[in-house]
Amino acid sequence: MKETGILKMDLPPWNDTSGSRVWPNIVHLPEGYPFKYIALTMDRFNYPGMQGQNWTYGALYLYHGY
């Protein structure tokens, strides 16, 4: 695999201070769908009040693009 570009999002599920990690799954859709690509991912924000370096599974995010 080689890099083809930079993913630009209006609302990415991470930032420099969140400490979250994401696993994006990007799918190229066949001709006839309203979008060329979809991306499904999730964040790993800790639940409020959780102590230590425990990770929880948070929200799911579904993106679409052309």
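Above: the structure in question.
Keep in mind that this is a model prediction, so the values were computed, not measured. (Residues numbered from 1 in each chain as written. Predicted model: local features only at pLDDT ≥ 70, side-chain atom pairs only at ≥ 80, totals over all residues. Heavy atoms only, no water.)

S.K.: Describe the overall build of the protein chain, and please don't skip the residues or the numbers.
M.R.: For the protein chain, the count of helices and strands is 0 helices and 3 strands. Burial analysis of the protein chain (66 residues in total) assigns 17% to the buried set. For the protein chain, contacts bridging at least 24 residues in sequence account for 33% of all contacts bridging at least 6. About 5900 Å² of surface is accessible on the protein chain, with carbon and sulfur atoms providing 57% of the total. (Helix = DSSP H or I, 4+ residues; strand = E, 2+ residues; numbered from the N terminus. Buried < 20%, exposed > 50% of the residue type's maximum accessible area, 1.4 Å probe, protein only. Contact = heavy atoms within 4.5 Å. Areas by Shrake-Rupley, 256 points an atom, 1.4 Å probe, with all protein chains shown as cover.)

S.K.: If you had to explain the sheet that holds strand β2 (residues 37–42) to someone new, which residues and values would you point to?
M.R.: Strand pairing in a sheet is mediated by backbone hydrogen bonds. Such pairs are either parallel or antiparallel. Within the open sheet, the 3 strands sit side by side as β1-β2-β3. Their pairing is antiparallel. Strands at the two margins of the open sheet, each flanked by one partner only, are β1 (25–28) and β3 (60–65). Strand-to-strand twist of the sheet, defined as the mean angle between neighbouring strand axes without regard to direction, takes the value 15°. As defined by bridge partners, β1 adjoins β2 across 4 bridges and the pair is classed as antiparallel. Among the inter-strand pairings, N25 is bridged to a residue of β2, identified as L40. (Pairing = 2+ DSSP bridges. Axes fitted to C-alpha atoms, helices over the stretch in contact; angles between N-to-C directions.)

S.K.: An account of the packing of aromatic side chains is needed here, citing residue identities and associated values.
M.R.: Overall, the coordinates contain 2 aromatic pairs when judged by the stated rule. Judged by centre distance (5.6 Å) and plane angle (55°), the ring pair of F35 and Y66 falls under tilted. Here F35, found in the loop between β1 and β2, pairs with Y66, found in the segment after β3; they are 31 residues apart in sequence, far enough to count as distant. Overall, the relative accessible area of 25% leaves F35 in the partly exposed class. Taken together, a centroid distance of 6.3 Å and an interplanar angle of 10° make the contact between Y61 and Y63 stacked. (Phe/Tyr/Trp six-rings, centres within 6.5 Å; stacked < 30°, edge-to-face > 60°.)

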